[in-house]
Amino acid sequence: MKPLPGGQTYVATNVPIQLMIKLMFHFKSSQISGGPGWLDTDLYDVEAKAGGPHNLDDLHVMFQNLLVDPFKLQYHKETRTLSAYELVVDKSGPRLTENHNPENFDIPIRPTGRGRFEATHSSTSYFSWSLSQRLDRPVIDETGLTGFYDFKLEWTPEPSPGLAAAPDAAANLPPSNGPDLFTAVREQLGLKLDSRKGPIEVMVIDHVERPSEN
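Residues numbered from 1 in each chain as written. Predicted model: local features only at pLDDT ≥ 70, side-chain atom pairs only at ≥ 80, totals over all residues. Heavy atoms only, no water.

### Topic: the overall build of the protein chain
Selection criterion: Note on conventions: DSSP H or I runs of at least 4 residues are helices, E runs of at least 2 residues are strands, and numbering of each starts at the N terminus. Within these notes, the globule rule equals 2.2 Å times the number of residues to the 0.38 power, and the radius of gyration is based on C-alpha atoms. We call a residue buried when its accessible area falls under 20% of the maximum for its residue type, exposed when it is over 50%, and partly exposed in between, using a 1.4 Å probe and counting protein chains only. Any two residues having at least one pair of non-hydrogen atoms within 4.5 Å are treated as being in contact. Only the protein chains shown count as cover for residues, and all accessible areas are computed by the Shrake-Rupley method using a 1.4 Å probe. A residue counts as positive if it is Lys or Arg and as negative if it is Asp or Glu; His and the chain ends are not included. To locate a charge, the coordinates of NZ of Lys, CZ of Arg, CG of Asp or CD of Glu are taken.
Scanning the protein chain for helices and strands turns up five helices and eleven strands. The C-alpha atoms of the protein chain give a radius of gyration of 19 Å, which matches the 17 Å a tight globule of 214 residues would have. Projecting the C-alpha coordinates of the protein chain onto the three principal axes gives extents of approximately 50 × 45 × 35 Å. Put simply, the protein chain has 214 residues, and 41% of those count as buried. Summarising the internal contacts of the protein chain: among those between residues at least 6 apart in sequence, 79% fall at separations of at least 24. Carbon and sulfur atoms form 47% of the exposed surface of the protein chain, whose accessible area is close to 11700 Å². One finds the centroid of the 20 positive side-chain charges in the protein chain at a distance of 4 Å from the centroid of its 28 negative side-chain charges.

Encoded structure:
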């Protein structure tokens, strides 16, 4: 799933509806309940096209509306008590480069290797959501930072469970003596992830249908 250059089109290729919902509504799996099993198994191609250039958040809203129409998606939101992380500014202060350029209509955060990514014109709210995809719980933006920023982040990911049974694959991974994600966020970006349990918004799927052809 990605936006195309120009800020008018967002496409998904061979993607299950459950993943589309997670990415377009900025939720984790733990924040979505209800719905039939085929949401995770049926694969679809979708092209959402706007009448003119829009920023990434607006394209996400457009895609949300597209899911509501052909898939007859009906849902409501609730607040439940869940474990989460809060992204806050560390006492050392943020180490982010503010980007004052106009919207470039591209994905703000892109991986550049295992345990590495580069952000261009990213908000801290988008960064929080991106972190939540790499962690076991939602990440709530409490930084108070309202601009757009450029930054790089490098950390040592947790080894995949299957690597223990595949020592040859593990031997080809980068060295594992670097910082974990929490330490990297604090030391490299001047931000911090605090654990807490509290009210988190969730989506409850009330109804959804398989679409007709095209």
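Still to come is the rest of the account.
### A closer look at helix H5 (residues 181-189)
Condition: When we speak of the arc, we mean the arc of directions from the helix axis to the C-beta atoms. N or O atoms closer than or at 3.5 Å make up a polar contact, with two conditions inside protein: a donor-capable atom paired with an acceptor-capable one, and, for residues adjacent in sequence, both atoms drawn from side chains.
Buried residues of H5: Leu 181, Ala 184, Val 185 and Leu 189, and no others. All buried residues of H5 project into a common sector of 100° when viewed along the axis, lining one side. A distance of 3.3 Å separates the backbone nitrogen of Phe 182 from a side-chain oxygen at the start of H5, and that oxygen is part of Asp 180. After H5 finishes, the residue Gly 190 shows a positive phi value of roughly 70°.

### Re the layout of surface pockets
For the record, the criterion: Here a cavity means grid points, on a 1 Å grid over the protein atoms only, where a 1.4 Å probe fits yet cannot get out; a pocket means an open set of points with protein on both sides within 12 Å along at least five of seven lines; lining residues are those with an atom within 4 Å of a point. Grid points are joined across faces, edges and corners, and a volume is the space filled by probe spheres set on the points. Each residue gets one of three labels, nonpolar for Ala, Val, Leu, Ile, Met, Phe, Trp, Tyr, Cys and Pro, charged for Asp, Glu, Lys and Arg, and polar for the others, Gly among them.
Within this model, the largest pocket holds a volume of roughly 350 Å³. In terms of lining, the largest pocket is formed by 16 residues, of which the most central are Leu 23, Ile 107, Ile 109, Tyr 126 and Trp 129. At the level of secondary structure, the elements contributing two or more residues to the lining of the largest pocket comprise helix H1 (17-25), helix H2 (56-68), strand E7 (109-113) and helix H3 (124-132). Tallied by class, residues from the lining of the largest pocket come to ten nonpolar, three polar and three charged.

### Some remarks on unusual backbone geometry
One non-glycine residue, Asn 14, lies in the positive phi region at around 60°. Examined against the element boundaries, Asn 14 turns out to sit in strand E2 (residues 9-16). You will see that His 26, though not glycine, has its phi angle at about 60°, which is positive. Mapped onto the elements, His 26 comes out in the loop between H1 and strand E3 (32-34).

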